[in-house]
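Here's the letter readout for the chains.
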Amino acid sequence: MTTELREFIDRHERLFVLTGAGCSTGSGIPDYRDADGEWKRAQPVTLQDFVTSEHTRKRYWARGLVGWQRLCVAQPNAAHRSLAALEHRGRVEQLVTQNVDGLHQAAGSRNVIDLHGRADVVRCLQCERRSPRGEMQAEMIRRNPRFAELDALAAPDGDADLDGVDFAAFDVPACDTCGGQLKPDVVFFGESVPRDRVQLAFSALESADAMLIVGSSLMVLSGYRFARAMAEAGKPIAAVNLGKTRADDLLSLKVTQHCADALSFLLASEPTAS
Ligand SMILES: [Zn+2]
């Protein structure tokens, strides 16, 4: 299968690469269903719930306080490094990721569209001011030392059941500038991807000659529509994914392997420094 993938990549010089959660599982980041930084077994938070319910915001940020500890220490794995190597060889027309972890950039990819935003940035819903998530984290810990202790208990197995916790006691910081609500700068369940970001991706897709999907089942329409557009343009699509994808019947090549394993040949054939 890897030989076929290598041939596919060799045949197409301008790849439109779309990546999803499967690319980051090797970095210890769980396979998020809803790309909002919450754990898989948690209910997805919708933008409407978040904006209208104080309890939802308290619960979201209390869980986020714990979840962020894992996200912020995650390091890129071989899948990210392989795609960065491919870009350095000038073969990536555009990398579009559904992940919010910033690990492609950490691995050295430059030409990245973060389709669903970035978890390391916080945005004020009122004045649009953006600030680092690390600052919010420090402030949440300062205001909620008891929740920060829960975090320590949760860390060893990377999971925690906070459902018995009284979220009403959680003190969520507001915007320093205007007192507005703060939200991670990621696209929530039921929220649209900003239009300029989508247009940028579609224009790159037009100039690409093939598509490579890495670690995404494309169950979310925001990613699936790129595969559909590629297929409508008559351009070939290859996918590396452990499970079924929504685009299976559009694929020229399907590689059922872990992303890092399937792409590792890109690292092995990297020219060595002399
Ligand atoms: Zn503000």
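Use the structure listed above.
A quick note: this is a predicted structure, and the numbers were derived from the prediction, not measured. (Residues numbered from 1 in each chain as written. Predicted model: local features only at pLDDT ≥ 70, side-chain atom pairs only at ≥ 80, totals over all residues. Heavy atoms only, no water.)

### Some details on the packing of helix α8 (residues 195-207) against helix α9 (residues 221-232)
Line of reasoning, step 1. As a packed pair, α8 and α9 sit with axes 11 Å apart at the nearest point and diverge in direction by 30 degrees. When the axis of α8 is compared with that of α9, the two are roughly parallel. Considering only the axes of α8 and α9, their crossing is right-handed. Here α8 contributes Val 198, Ala 201, Phe 202 and Leu 205 to the contact with α9, which in turn contributes Arg 225, Phe 226, Ala 229 and Met 230. (Axes fitted to C-alpha atoms, helices over the stretch in contact; angles between N-to-C directions. Helix = DSSP H or I, 4+ residues; strand = E, 2+ residues; numbered from the N terminus. Parallel < 35°, antiparallel > 145°, perpendicular 65-115°, else oblique. Left-handed = near helix turned anticlockwise from the far one by under 90°. Contact = heavy atoms within 4.5 Å.)

### So, the sheet that holds strand β4 (residues 117-124)
Line of reasoning, step 1. The three strands lie next to each other as β5-β4-β6, forming an open sheet whose pairing is antiparallel. Each edge of the open sheet carries a strand with a single partner, namely β5 (130-132) and β6 (182-186). Adjacent strand axes in the sheet meet at a mean angle of 45 degrees when their direction is disregarded.
Line of reasoning, step 2. Examined bridge by bridge, β4 and β6 share five bridges and lie antiparallel to one another. Following the sheet pairing, Arg 118 is matched in β6 by Asp 185. (Pairing = 2+ DSSP bridges.)

### Section: the coordination of the zinc ion
Line of reasoning, step 1. Looking at the zinc ion, one finds its protein donor set to be Cys 124 (SG), Cys 127 (SG), Cys 175 (SG) and Cys 178 (SG), positioned 2.3 Å from the metal centre.
Line of reasoning, step 2. Here the zinc ion is ringed by four donor atoms whose angles at the metal span 99 to 115 degrees, and the overall shape comes out tetrahedral.
Line of reasoning, step 3. Mapped onto the sequence, the donors of the zinc ion take the spacing C-x2-C-x47-C-x2-C.
Line of reasoning, step 4. For Cys 178, a relative accessible area of 31% puts it in the partly exposed group. (Donors = N, O, S within 2.8 Å, 3.2 Å for Na, K, Ca; no water. Tetrahedral: all angles 85-135°; square planar, octahedral: opposite > 155°, others 65-115°. Buried < 20%, exposed > 50% of the residue type's maximum accessible area, 1.4 Å probe, protein only.)

### Concerning unusual backbone geometry
Note: most peptide bonds trans; most residues except glycine with negative phi.
Line of reasoning, step 1. A positive phi is found at Glu 128, a non-glycine position, where the angle reads about 70 degrees.
Line of reasoning, step 2. Along the chain, Glu 128 turns up in the loop between β4 and β5.
Line of reasoning, step 3. Residue Glu 128 is classed as partly exposed on the basis of its relative accessible area, which comes to 40%.
Line of reasoning, step 4. Backbone geometry places Leu 218, a non-glycine residue, at a positive phi of 60 degrees.
Line of reasoning, step 5. Take Leu 218: it is sitting in the loop between β7 (210-214) and α9.

### Examining the sheet that holds strand β2 (residues 92-97)
What links the strands of a sheet is backbone hydrogen bonding, and the strands pair in either a parallel or an antiparallel sense.
Line of reasoning, step 1. One open sheet holds the six strands; their spatial order is β3-β2-β1-β7-β8-β9, and the pairing between them is parallel. Every other strand in the sheet has two partners, leaving β3 (112-114) and β9 (253-255) as the edge strands with one partner each. Between one strand axis and the next, the sheet turns through 15 degrees on average, direction left out of account.
Line of reasoning, step 2. Sheet analysis places β7 next to strand β8 (residues 237-240), joined by four bridges and oriented parallel.

### What about the pairing of strand β1 (residues 15-19)?
Line of reasoning, step 1. Of all the five residues making up β1, five are buried; the element is thus mostly covered by neighbouring parts of the structure.
Line of reasoning, step 2. Because side chains alternate across β1, one face comprises the buried residues Leu 15, Val 17 and Thr 19, and the other comprises Phe 16 and Leu 18, equally buried.
Line of reasoning, step 3. Across five bridges, β1 lies against β2 in parallel orientation. Pairing of Leu 18 across the sheet is with Val 96, part of β2.
Line of reasoning, step 4. As defined by bridge partners, β1 adjoins β7 across five bridges and the pair is classed as parallel. Counted as the bridge partner of Phe 16 is Met 211 from β7.

### A few points about the environment of Gly 26
Line of reasoning, step 1. Along the chain, the position of Gly 26 falls in the loop between β1 and α2 (47-52).
Line of reasoning, step 2. Take Gly 26: its relative accessible area is 61%, and that puts it in the exposed class.
Line of reasoning, step 3. Separated by 52 residues in the primary sequence, Gly 26 and Ala 78 place their C-alpha atoms 8.2 Å from one another.

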